[in-house]
Amino acid sequence: MGRIFNFSAGPAMLPTEVLEATAAAMLDYQGRGFGIAECSHRGKEFEGVLDETIARCRALLGIADTHDVLFMQGGATQMFTLIPMNFQHKSADYLVSGEWSKKAADAAKGLGEPFVVATSETTNFDHCPDRSDWKLCDQADYLHVCTNETVHGHRMVDWPVDASPNLVVDASSEFMSRPHPVNQCAMVYAGAQKNLGPAGVVLVIMRKDMYPKQSKMPSKLWNFAALAENKSMINTPPTLGIYTLLETFRWIEKQGGLRTIETRNTAKAKLIYDAIDGHSGFYSAFVSRPEQRSHMNVNFRLPDEAKTEAFIKQAAAEGMVALKGYRTVGGIRASIYNAMPVEGCRALADFMGEFAKKNG
Ligand SMILES: Cc1ncc(COP(=O)(O)O)c(C=O)c1O
């Protein structure tokens, strides 16, 4: 069977070229007779992979010497749990704009005094609170935000780099979908399973002056400075996952870099939002502020449950899968990360038009 259009929110579709190159390297790495998942992480093969992955990540994002690129395991959830353990001394600011930033703030609760600077929970997170409504604390150790809320489908068009000297960003579901101002952040992290590779790797960009601010942790596994000193290899890192990231970075570069990727993602998202707005009596966008609509996770509703179920079923029969919305939001969620081709978005938009005509 050929590859179909997979709109999963994550783990998500990866570019075919990345999968093919990774599969080949898994079977036989550069003619050595063994695969990249079958050699020591301390050997020259993987050392070369790690160096190139870091170098390409730095080049794509223009990361300055002030920041390190680290790889961790345990997912973005472990990361937003480790952040308050390490850096929340007195109190930390949290913007609660959706499911993931709420979970991050909740993780900080047991460990100190997180302060919610603003929340849109009363309207079921249908938007990101306006910057003018944020109540920031002068003394906060850091400000945590999630710049693309995967579940609710809205994004911050501009990262709030001037809101805190220590801005911490969960960019999991939009990482490398466009250029990011990483050098103006204290820390940026992203679980790999949306735009980068398979689940199991978290990419972290850490400003080096954050290391002295860390609490004493019971294990150096959770100590970012120790991780940096050991080139992300205190223990065996997820070698195959990191290799896949390398192939993804090579692929992004071949596409023309992050600006080109951003232009393509904007056009892809527009196809689907136009289909929603073009049949506004039938489809309704979940996000209440059009300017905040995510370019990665497009959420919309149909008039009722029966039509939603029929939509999902018929779309699957036409080769478009994983469109069911998250349980707290309902409706449809189409996740269209970097690997989703324009054709996939066009196919969905065309299908939406026909479905609305037949069922409206
Ligand atoms: C924005 C965001 N943050 C955090 C997470 C949690 O990631 P993980 O399951 O890897 O812990 C997700 C998962 O979808 C996410 O979308």
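Q: Help me understand the sheet that holds strand S12 (residues 297-301) in this model?
A: Strand pairing in a sheet relies on backbone hydrogen bonds. The paired strands run either parallel or antiparallel. Strand order in this open sheet of three strands is S11-S12-S14, and the pairing throughout is antiparallel. Looking along the sheet, the strands with just one partner apiece sit at the ends: strand S11 (284-285) and strand S14 (332-335). For S11 and S12, the ladder comprises two bridges, and the chain directions are antiparallel. Across the sheet, residue alanine 285 finds its bridge partner in S12, namely phenylalanine 300.

Q: What is the right way to read the environment of glycine 353 from this model?
A: Mapped onto the secondary structure, glycine 353 falls in helix H9 (residues 342-359). The exposure class of glycine 353 is buried, given its relative accessible area of 11%. Taking C-alpha positions, glycine 353 is 46 Å from leucine 50, a pair spaced 303 residues apart along the chain.

Q: Help me out: how do you make sense of the site of the ligand in this one?
A: Within the structure, the ligand sits among Gly75, Ala76, Thr77, Trp100, Cys146, Asn148, Thr150, Asp170, Ser172, Ser173, Gln193 and Lys194. A distance of 3.3 Å is found between an oxygen atom of the ligand and a side-chain nitrogen or oxygen belonging to tryptophan 100. Calculation on the ligand without its partners gives an accessible area of 390 Å², and the protein chains cover 83% of this total. Looking at which element gives the most residues to the shell around the ligand, the answer is helix H3 (residues 75-87), with three residues.

Q: Could you clarify how one ought to interpret the domain arrangement of the chain in this entry?
A: A common measure of how large an interface is: the accessible area buried when the components associate. With domains assigned, the chain is organised as domain 1 (16-255) and domain 2 (257-359). Centre-to-centre separation of domain 1 and domain 2, based on C-alpha positions: 27 Å. For the pairing of domain 1 and domain 2, the buried interface totals around 2,500 Å² over both sides, and the portion due to carbon and sulfur atoms is 50%. The largest share of the area that domain 1 buries against domain 2 comes from Val151, Arg155 and Gln255, three residues that together contribute 20% of it. Remark: the boundary between domain 1 and domain 2 carries one salt bridge. The partner of aspartate 130 in a salt bridge is arginine 289, and the shortest N-O contact between them spans 2.8 Å. Our count for the contact surface shared by domain 1 and domain 2 stands at 18 residue pairs in polar contact (both at pLDDT 80 or more). Sorting the residues of the side of domain 1 that touches domain 2 by element identifies helix H2 (44-61), helix H4 (99-109), strand S6 (148-149), strand S7 (154-155) and helix H6 (239-255) as the ones contributing at least two each.

The rules behind each value
- Residues numbered from 1 in each chain as written.
- Predicted model: local features only at pLDDT ≥ 70, side-chain atom pairs only at ≥ 80, totals over all residues.
- Heavy atoms only, no water.
- Pairing = 2+ DSSP bridges.
- Helix = DSSP H or I, 4+ residues; strand = E, 2+ residues; numbered from the N terminus.
- Buried < 20%, exposed > 50% of the residue type's maximum accessible area, 1.4 Å probe, protein only.
- Near = heavy atom within 4 Å.
- Polar contact = N/O pair within 3.5 Å; in protein donor to acceptor, adjacent residues only side chain to side chain.
- Areas by Shrake-Rupley, 256 points an atom, 1.4 Å probe, with all protein chains shown as cover.
- Domains from an automatic or database assignment.
- Buried area = accessible area lost by both parts, 1.4 Å probe.
- Salt bridge = Lys/Arg side-chain N within 4 Å of Asp/Glu carboxyl O.

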